[in-house]
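Here is how the chains run, residue by residue.
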Amino acid sequence: MKMALRWFGPSFDSVNLQSIRQIPGVTGVVTTLPDLAAGQPWPIKRIQDLAKMIESQGLQLHGIESVNIHDSIKAGTDQRDHYIDIYRQTLRNLATVGVDLVCYNFMPVFDWTRTDLAKVREDGSTVLAYDQQILETYKPDQMLHEMGKKSNDFLLPGWEPERLGEIRELLGMYRNLTEEHLFQNLVYFLEAIIPICEETGIRMAIHPDDPPWSVFGLPRIVKNRRDLERVLGAVDSPYNCATLCTGSLGSNPDNPLVDIIRSLGNRIAFAHVRNLRHTAPGVFEEAAHFSSDGSFDLYAIMEALYDVGFDGVIRPDHGRAIWNEVSLPGYGLYDRALGSQYLLGIWDSLLHTKTKKKRISVRNPAKIISAANIFAVEKEGSHA
Ligand code: DNO
């Protein structure tokens, strides 16, 4: 398992690489080239410079989040083959610097959606929050306006103003598109790119829809276990993988996160682990990573990842804004650093207890181990 922080590059992020380097156990970043719009090719030189900048600070480029997909591919227009060719070339270019993980989503028009980017909690921290009833009072362009108001003047990932400036045309592209059409367009895309991934060793990790239900009447196809299994099964290659995002899937309390992890197993290439608090149906606010601050059992989530032999990249996800930090909403340094330590602490304890259990059962295959003789066996083991 490799622990990373998401980083948006020197011109788009308030957090610098040196600060990330100072977080114990965080060995790298996942990043992107935020100035390149979906559909633009990624030049090799830009990717090399990015990797060099990261490595010069003693960190590794653990993956790309995201190479965004042009709406022509998602909507399946006549231009899609042109944009798929560009995507294939970008993957080849990324592989030349050793990138082996690419995260992407297949949500029409919008990436993640929230109705409040700075909801104040009892302790004075602020978090991202969502309320379906509020969303239903917005028109899509009003939504953009609302999101912009609390963005602290940062470019919100997936909410590029140039692209969303043409929001009416974009929405028009999907007017008659059913979920089944959208799914077939995804399969078309995957069939074209997975052979490149197999050649180059890049694992493509689709991100679930956030939130995992339709917003503004747009079709959505990565909402639950069934959807994820269908996507992974449609192009059944070890390079066609998932991003397990607990916050996105878990926004719907009917999604059993632990079971989903256990059923996707080694097809999880990337994990976004965070917590949130459900307050009513269709209403949630994000929380600290610490389990008892929200609705999820983070220990059980990490244990499931451990048990399926997760060997991919993991990152703490959105943090609260605390200690007066001003950053891209959800992506400050302080709370994500705290979150990473919590996740690493759980992982360490899993490593410790699960490897000990294995050692005990190998050394004492026939013995029933009681609490007292576990202690004895551990002491014996520690001299091995
Ligand atoms: C939101 C993120 C998403 C994610 C994309 C992946 O905070 O989880 O923007 O990176 O959906 O393409």
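Our subject is the structure that appears above.
Now for a description of the structure that goes with this document. (Residues numbered from 1 in each chain as written. Predicted model: local features only at pLDDT ≥ 70, side-chain atom pairs only at ≥ 80, totals over all residues.)

**Details of the site of the ligand**
Inference 1: What surrounds the ligand is a group of 13 residues, the closest being Ser66, Asn105, Trp112, Gly158 and His207.
Inference 2: The greatest single-element share of the shell around the ligand, amounting to three residues, is contributed by strand 4 (residues 101-105). (Near = placed C-beta within 6 Å. Helix = DSSP H or I, 4+ residues; strand = E, 2+ residues; numbered from the N terminus.)

**Some remarks on the sheet that holds strand 9 (residues 268-273)**
Inference 1: The strand order 1-2-3-4-7-8-9-12 describes a closed barrel built from eight strands, whose pairing is parallel. Each neighbouring strand pair of the sheet contributes to a mean axis angle of 30 degrees, computed without reference to strand direction.
Inference 2: In this sheet, strand 7 (residues 203-207) lies alongside strand 4 in parallel orientation, the contact comprising five bridges. Each bridged residue has a counterpart across the sheet, and for Cys103 the counterpart in strand 7 is Ala205. (Pairing = 2+ DSSP bridges. Axes fitted to C-alpha atoms, helices over the stretch in contact; angles between N-to-C directions.)

**Description of unusual backbone geometry**
Inference 1: Each neighbour pair has its own omega, and for Glu65 with Ser66 the value is 5 degrees, a cis peptide bond.
Inference 2: Of note, Ser66 is situated in the loop between strand 3 (60-65) and helix 3 (71-75).
Inference 3: The omega torsion across Asp210 and Pro211 is -5 degrees, close enough to zero to call that bond cis.
Inference 4: Mapped onto the elements, Pro211 comes out in the loop between strand 7 and helix 10 (225-234).
Inference 5: Phi is positive for Asn152, close to 55 degrees, though the residue is something other than glycine.
Inference 6: Mapping Asn152 onto the fold places it in the loop between helix 6 (140-149) and helix 7 (161-164).
Inference 7: A residue is classified by how many C-beta atoms lie within 10 Å of it, and Asn152, with 16 of them, is partly exposed. (Buried ≥ 20, exposed ≤ 12 C-beta atoms within 10 Å, placed from the backbone.)

**Considering the packing of helix 12 (residues 257-264) against helix 13 (residues 298-307)**
Inference 1: At a minimum axis separation of 9 Å, helix 12 and helix 13 run at an interaxial angle of 5 degrees. By the angle between their directions, the pair helix 12 and helix 13 is classed as roughly parallel. Where helix 12 abuts helix 13, its residues Leu257, Val258, Ile261 and Arg262 lie against Ala300, Ile301, Ala304 and Leu305.
Inference 2: Residues of the contact of helix 12 with helix 13, tallied by class, amount to seven nonpolar, no polar and one charged. (Parallel < 35°, antiparallel > 145°, perpendicular 65-115°, else oblique. Contact = placed C-beta atoms within 7 Å. Nonpolar A, V, L, I, M, F, W, Y, C, P; charged D, E, K, R; others polar.)

**Overview of the pairing of strand 2 (residues 28-31)**
Inference 1: Burial along strand 2 is two-sided: the residues Gly28 and Val30 and Val29 and Thr31 are all buried.
Inference 2: Bridge analysis of strand 1 (residues 2-6) against strand 2 gives three bridges, and the strand direction is parallel. Its bridge partner lying in strand 2, Leu5 is registered against Val29.
Inference 3: Judged from the four bridges that link them, strand 2 and strand 3 form a sheet pairing that is parallel. Across the sheet, Thr31 pairs through a bridge with Ile64, a residue of strand 3.
Inference 4: Taken together, strand 2, helix 2 (residues 44-56) and strand 3 form a β-α-β motif whose crossover is right-handed. (Right-handed = clockwise from strand over helix to strand, strands pointing away.)

**Some words on the environment of Thr27**
Inference 1: Summarising the element assignment, Thr27 is placed in the loop between helix 1 (17-21) and strand 2.
Inference 2: For the pair Thr27 and Ala4, spaced 23 residues apart in the sequence, the C-alpha separation amounts to 6.1 Å.
Inference 3: With near-sequence residues (within four places) excluded, Thr27 lies in contact with Lys2, Met3, Leu59 and Gln60.

**Some thoughts on the nonpolar core**
Nonpolar side chains in soluble globular proteins generally cluster together in the buried interior.
Inference 1: Judged by nonpolar contacts, the single largest core of 76 residues is most densely connected at Val29, Leu101, Val102, Ile202, Met204, Ala205 and Ile301.
Inference 2: Per element, the largest residue contribution to this core is six residues, and it comes from helix 9 (residues 179-200).
Inference 3: In contact with Val102, other than residues within four places in its own chain, are Gly63, Ile64, Val67, Leu91, Leu94, Ile202, Met204 and Ala205. (Core = buried A, V, L, I, M, F, W, Y, C linked by C-beta atoms within 7 Å.)

**Points about the environment of Gly28**
Inference 1: Topologically, Gly28 is positioned in strand 2.
Inference 2: Taking the C-alpha atoms as reference points, Gly28 and Gly63, separated by 35 residues in sequence, lie 8.8 Å from one another.
Inference 3: Once residues within four sequence positions are removed from consideration, Gly28 is found in contact with Lys2, Ala4, Leu59, Gln60, Leu61 and His62.

**Considering the sheet that holds strand 11 (residues 283-286)**
Inference 1: The sheet built from four strands is open, its strands ordered 5-6-11-10 with antiparallel pairing. Looking along the sheet, the strands with just one partner apiece sit at the ends: strand 5 (116-120) and strand 10 (276-280). Each neighbouring strand pair of the sheet contributes to a mean axis angle of 35 degrees, computed without reference to strand direction.
Inference 2: Here strand 6 (residues 126-131) runs beside strand 11; their pairing, made up of three bridges, is antiparallel. If you follow Asp131 over to strand 11, its bridge partner there is Val283.

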